[in-house]
Each structure stands twice: as structure tokens, then as C-alpha cells.
Amino acid sequence: MAEEIAKNAHLASTVLKTLTDEQRSTSLYKIRDGLLKSKDSILEANKLDMQNAIENSLSSSLVKRLDLSINGKFDSMCDGILDVAKLEDPLNKCTLATEIDDGLNLYRLTCPVGVLLIIFESRPEVIANITALAIKSGNAAILKGGKESLNTFKAMSDVINAILKNETDVPDNSIQLISTRGEVSELLKQDSYIDLVIPRGSNELVKNIKENTKIPVLGHADGICSIYLDKDLNVEKAAKIVVDSKTNYPAGCNAVETLLVDQNLNGEQLNIILKALFDANVTLHVTSDLLARIDSHLQENYKDQIVDATESDFRKEFLSFDIAVKNVKSVQDAIIHINSHSSKHTDAIVTENEETANIFLKGIDSSGVYWNCSTRFADGFRYGFGTEVGISTNKIHSRGPVGLEGLVCYYYQLRGSGQVVGDYLGGGGTRVFKHRSLDPKNVHL
């Protein structure tokens, strides 16, 4: 069964990538309209999943990720499909052109990765996000949702499958939505047909997938994001940035989990920032030296929100209103701490000193490094990608929020007029290659 699913996806991908951008984009408009028309029934299904999650005592962070009704998430999800449809066609773009010799030209063109296997937990909006990005980029996709979102998954997949089959030019099996857990382990063996696995979920999910497949995996296990408060910061900016990074959506992988404080930061400024966190109902896990810097009145008034930090707190993704806080000696010490503790997701510095900021920006080994802004900006929609297939901490192919660009690779086209290698130097002949660079922007194939 799994082999058949993967093989069908592979065959569909060979047709999907030949469709025009208009054909692919039109299908996305129709999917968006269909989901909006079915909003009430999808949200009813989502309520069932939410109720089951609460009854089964699932974590609050997972429940938040599951909820499609919170903060206009459903409408934003649909708008994301529209945003992807409006993006420039990512396929068949010439990125290199070389005249090898007279009448022999080499071109490097963008193309789909092929077949994507996306395995995700709790986030039902992933169905819409991946469907949009996959079709727009010419990739076939196999989607497997978690059991906690089964009702929502089924409601949305029924809508998407019906639209693709009856109202678009997208070939059958381009988007396959499966709900049987047993198929996953077998799909992970289908390296002959599946080109890339994208897991979206817990640390355990990502690690398990990486350990059980030969297929390349794109993703991240944790979102351990840090903010460094430099001594030269603006206190109003700092308080606003830290509170937003922690509380805007604490269940998100781009929420800050560690706060590093320059030991030379003015004590009054530090207490203003910490009070802003206390007032936002954040619990601080603080080291003893940092605790000594907290005003005694603050310690008394917010004693229930102060706990002793452990070393493990600085390697933890809390996904809650908790943050680990400690002193560091300098920006260099902050860089060393982050590079040895972080998950290489997103880290930020708050400072008005450009020289210090540049040291931090260049020194941090993460997929996103920010200056004077919230870590919550690490998101495909906010980057202008329309939406994202996930956030990658890999160092090959794609890093950070992965949108359309991360779902295409490239191949080389060589267009000749009868040339053979035997005529050239190195191949037995005397003819010399020209290797003259051409402007890819002027190439129209």
C-alpha cells in the first residue's frame, strides 16, 4: 500500500511540473474558496479534536496548536493560500547561462524537488499550507496528520481532494492525504519514489523520522530561541521585544526560551524589563547571580513567578509562559552560550550599538539572527513567502522558514547543434571551449 501511494505520487509529479503557472495557481484559488465555503463544518470538526485533546489531557501547547479558531487562524490559513497563488512562478527560472561554444549553450533552470512526504502533529493548517506550496512549486505531496487532529484533517482533506479532482487540471494523486499511522514507517522506506521528508511536530517525532529513513529530512527538532540584552540597549524597545517574543504565542517554535543579560546592563533598566515579563504572567527561571540583581520589591511582589534555574532550563523548549534567565559577561560570551545551547533556530540581540550587533549577527550559528526585533518574526508568511512548509535548521539546501524557494532545486539544460566531445581538447580533438558567461535575465526558453 505504501509503495503504491509513493509510486502514484511520483507519477503525478512528472505531470504536475509540466502544468503552467496559471493552471497551478488557479487550483489554489479554488481550494481557498472551497475551504472558506466549508469553514463552519471544518471548525465543527476542529472543536471535536479540541474536546478530545482536553479530555485526553494533552499539553496546553499542543491544544493551542490544534485550535483553528484562535486569533483568526482559519482565515489567515486561507489567505496564505491566496498569497502563495500570487507569488512569482518558481519553476523554469534561468539562474545561469554559459555559451560553451558556438551553438552549444548551457542553462541552469529551477525545477521541483519531486515528491514530498510531510508528517505533522496537531497543526491542521499545515494541510492547506503544504498543499498550496506543493502545487505552486510543482511538487507532489503525501500528507500524514496526527491522530489528535484526525477530525479536522478529514474534513479539510475531503474538501481539497474533491476540488482537485473535479475542478482543476492538477493530476490525480498529486496531493494524497493519509490518516493511517501504520503507513508512515513503510513510506519512510520509499526512497525510490519520495525525494524529501518534512516533519512538523515534537522533538521526538523529528528524531524518530531522521533515525528511520534514508530519504533526506528537512526540519528542526526544537525551537530553543534566545535573546541577548546588551548593556547599550533601549529599555522600552527591549521590554516590548522580550514580552512579544515570549507571550505572543508561547507554543510556537519561534518563541523565546532563554534570556541572556549583559552583566554590565544598568540594574534599573534590567528591572524594568523583568517587571514587564512579570506583568505579562511569565515565570522566570533565574540563576543565583541574576537573582541578586532583581529589585527586592520585585522579588517580593512576584515571588510566585521566580524559580531557581537549572542547567537543563537553558536547553529546554518550555512552550509556555516560562523563560530561563542568566547573566553573561559580554556579547562574546552570549555567542558562545547560544551556539552551544540553542537549536540553531532563531536568536536575537537588543542593542543600540551597531558594532556589537554586527559581532552578534555574524557570530551566531542559527538559521535566523535578529537585531532589535522579536523572534516571532521567524515565519514564512512574515518573510513574504506566502506561507511555509516548515522551518529548517539544516545547513544544506534551505535554512530558516522554507517557502517556495526551498521546494525547488535545479537541473542543467545543454542545447547543442550536433557537437560531440571527441572534437574538443581533453576528449581527443583540438577545438577549444569558449565558456562565455551570458546574462540569465536575457534568456527566454
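What you see is a predicted model; the values in this text were computed from it and never measured. (Residues numbered from 1 in each chain as written. Predicted model: local features only at pLDDT ≥ 70, side-chain atom pairs only at ≥ 80, totals over all residues. Heavy atoms only, no water.)

A. How the structure looks around the packing of aromatic side chains. Scanning the model with the defined rule gives six aromatic pairs in all. Between tyrosine 228 and phenylalanine 360, the ring centres sit 6.3 Å apart and the planes meet at 15 degrees, which makes this aromatic pair stacked. In this pair, tyrosine 228 sits in strand S7 (residues 225-229) while phenylalanine 360 sits in helix H15 (residues 354-363), placing the two residues 132 residues apart along the sequence. A residue is classified by how much of its surface remains accessible, and phenylalanine 360, at 0% relative accessible area, is buried. Ring geometry for tyrosine 424 against phenylalanine 433: centres 4.5 Å apart, planes inclined by 0 degrees, an arrangement best described as stacked. When its relative accessible area of 3% is taken as the criterion, tyrosine 424 is described as buried. In this arrangement the basic side chain of arginine 108 is found over the ring face of tyrosine 410, its NZ or CZ atom lying 5.3 Å from the centre. (Phe/Tyr/Trp six-rings, centres within 6.5 Å; stacked < 30°, edge-to-face > 60°. Helix = DSSP H or I, 4+ residues; strand = E, 2+ residues; numbered from the N terminus. Buried < 20%, exposed > 50% of the residue type's maximum accessible area, 1.4 Å probe, protein only. Lys NZ or Arg CZ within 6 Å of the ring centre and 35° of its normal.)

B. Region of the structure containing the sheet that holds strand S1 (residues 94-101). The antiparallel open sheet is built from four strands, whose spatial order is S16-S2-S1-S17. Both outer strands of the open sheet, strand S16 (408-415) and strand S17 (436-438), are each paired with one neighbouring strand and no more. Taking each pair of neighbouring strands and ignoring which way they run, the sheet shows an average axis angle of 25 degrees. In this sheet, S17 lies alongside S1 in antiparallel orientation, the contact comprising three bridges. Of the residues in S17, the one forming a bridge with threonine 98 is serine 437. (Pairing = 2+ DSSP bridges. Axes fitted to C-alpha atoms, helices over the stretch in contact; angles between N-to-C directions.)

C. Here's a closer look at the environment of isoleucine 209. By the element assignment, isoleucine 209 lies in helix H9 (residues 203-211). Spatially, the C-alpha atom of isoleucine 209 lies 9.4 Å from that of valine 184, the residues being 25 residues apart in sequence. Each residue touching isoleucine 209, except ones within four places of it in the same chain, is listed here: Ile119, Leu188, Val197, Pro199 and Val217. (Contact = heavy atoms within 4.5 Å.)

D. Focus on the side chain of aspartate 313. Summarising the element assignment, aspartate 313 is placed in the loop between strand S10 (306-308) and strand S11 (322-328). Discounting chain neighbours no more than four positions away, the residues touching aspartate 313 are His285, Asp308, Phe318 and Ala324.

E. Representation of unusual backbone geometry in the model. Within the chain, asparagine 92 stands out as a residue other than glycine whose phi angle is a positive 60 degrees. If you trace the backbone, asparagine 92 turns up in the loop between helix H5 (73-86) and S1. Accessibility expressed as a relative area gives 52% for asparagine 92, which makes it exposed. One non-glycine residue, asparagine 281, adopts positive backbone phi at about 70 degrees. Considering the arrangement of structural elements, one finds asparagine 281 in the loop between helix H11 (267-279) and strand S9 (283-286).

F. Fine view of the state of the cysteines. Following the criterion strictly, the structure yields zero disulfides and no others. The closest cysteine sulfur to the non-disulfide-bonded cysteine 111 is located on cysteine 409, 3.8 Å from its own sulfur. (Disulfide = S-S within 2.5 Å.)

G. Expanded view of the pairing of strand S5 (residues 175-178). Side chains Ile175 and Leu177 project from S5 onto one buried face, and the interleaved Gln176 and Ile178 project onto a second face that is buried too. In this view, the connection linking strand S4 (residues 140-144) to its parallel neighbour S5 by way of helix H7 (residues 150-167) has right-handed handedness. (Right-handed = clockwise from strand over helix to strand, strands pointing away.)

H. A look at the side chain of threonine 258. Within the secondary structure, threonine 258 sits in strand S8 (residues 256-262). Take threonine 258: its relative accessible area is 0%, and that puts it in the buried class. Residues in contact with threonine 258, not counting those within four places in the same chain, are Cys225, Ser226, Ile227, Phe314, Ile323, Ala324 and His337.

I. The arrangement of the nonpolar core in detail. Within the largest apolar cluster, 46 residues are counted, with the highest numbers of intra-cluster contacts made by Ile31, Leu35, Ile118 and Leu143. The element best represented in this core is helix H6 (residues 125-136), accounting for eight residues. When residues no more than four places from it in sequence are discounted, the contact partners of isoleucine 31 are Ile81, Thr131, Ile135, Ile160, Ile163 and Leu164. Counting residues in each nonpolar core, the second largest holds 33 residues, with Ala238, Leu265, Ala280 and Ala348 among its members. (Core = buried A, V, L, I, M, F, W, Y, C linked by side-chain atoms within 4.5 Å.)

J. Just the packing of H6 against H7, in detail. Packing of H6 against H7 brings their axes to within 10 Å, and their N-to-C directions diverge by 25 degrees. In terms of orientation, H6 lies roughly parallel with respect to H7. Within the contact between the two elements, H6 uses Ile127, Ala128, Thr131 and Ile135 and H7 uses Phe153, Met156, Ile160 and Leu164. For the contact of H6 with H7, the residue count by class is seven nonpolar, one polar and no charged. (Parallel < 35°, antiparallel > 145°, perpendicular 65-115°, else oblique. Nonpolar A, V, L, I, M, F, W, Y, C, P; charged D, E, K, R; others polar.)

K. Focus on the pattern of salt bridges. Across all of its chains, the model carries 25 salt bridges by this definition. We note a salt bridge from arginine 32 to aspartate 79, for which the minimum N-O separation is 3.7 Å. Taken together, the residues arginine 32 in helix H2 (residues 21-37) and aspartate 79 in helix H5 connect sequence positions 47 residues apart. A residue is classified by how much of its surface remains accessible, and aspartate 79, at 36% relative accessible area, is partly exposed. Of the charged contacts in the structure, one is a salt bridge between glutamate 99 and arginine 436, with a shortest N-O distance of 2.7 Å. Taken as a pair, glutamate 99 in strand S1 and arginine 436 in strand S17 lie far apart in primary sequence, 337 residues in all. Classification of arginine 436 as partly exposed rests on a relative accessible area of 46%. (Salt bridge = Lys/Arg side-chain N within 4 Å of Asp/Glu carboxyl O.)

L. The arrangement of the domain arrangement of the protein in detail. Domain parsing of the protein yields domain 1 (1-92 + 108-218) and domain 2 (225-383). Centre-to-centre, using C-alpha coordinates, domain 1 lies 34 Å away from domain 2. Contacts between domain 1 and domain 2 engage six residues on the former and eight residues on the latter. For the pair domain 1 and domain 2, the summed buried area comes to about 560 Å², and 50% of that belongs to carbon and sulfur atoms. Of all residues in domain 1, Ser61, Lys64 and Arg65 give up the largest surface area on contact with domain 2, accounting jointly for 64% of the area buried on that side. Put simply, domain 1 and domain 2 have zero salt bridges between them. When residues of the side of domain 1 that touches domain 2 are assigned to their parent elements, the largest contribution, three residues, is made by helix H4 (residues 60-66). (Domains from an automatic or database assignment. Buried area = accessible area lost by both parts, 1.4 Å probe.)

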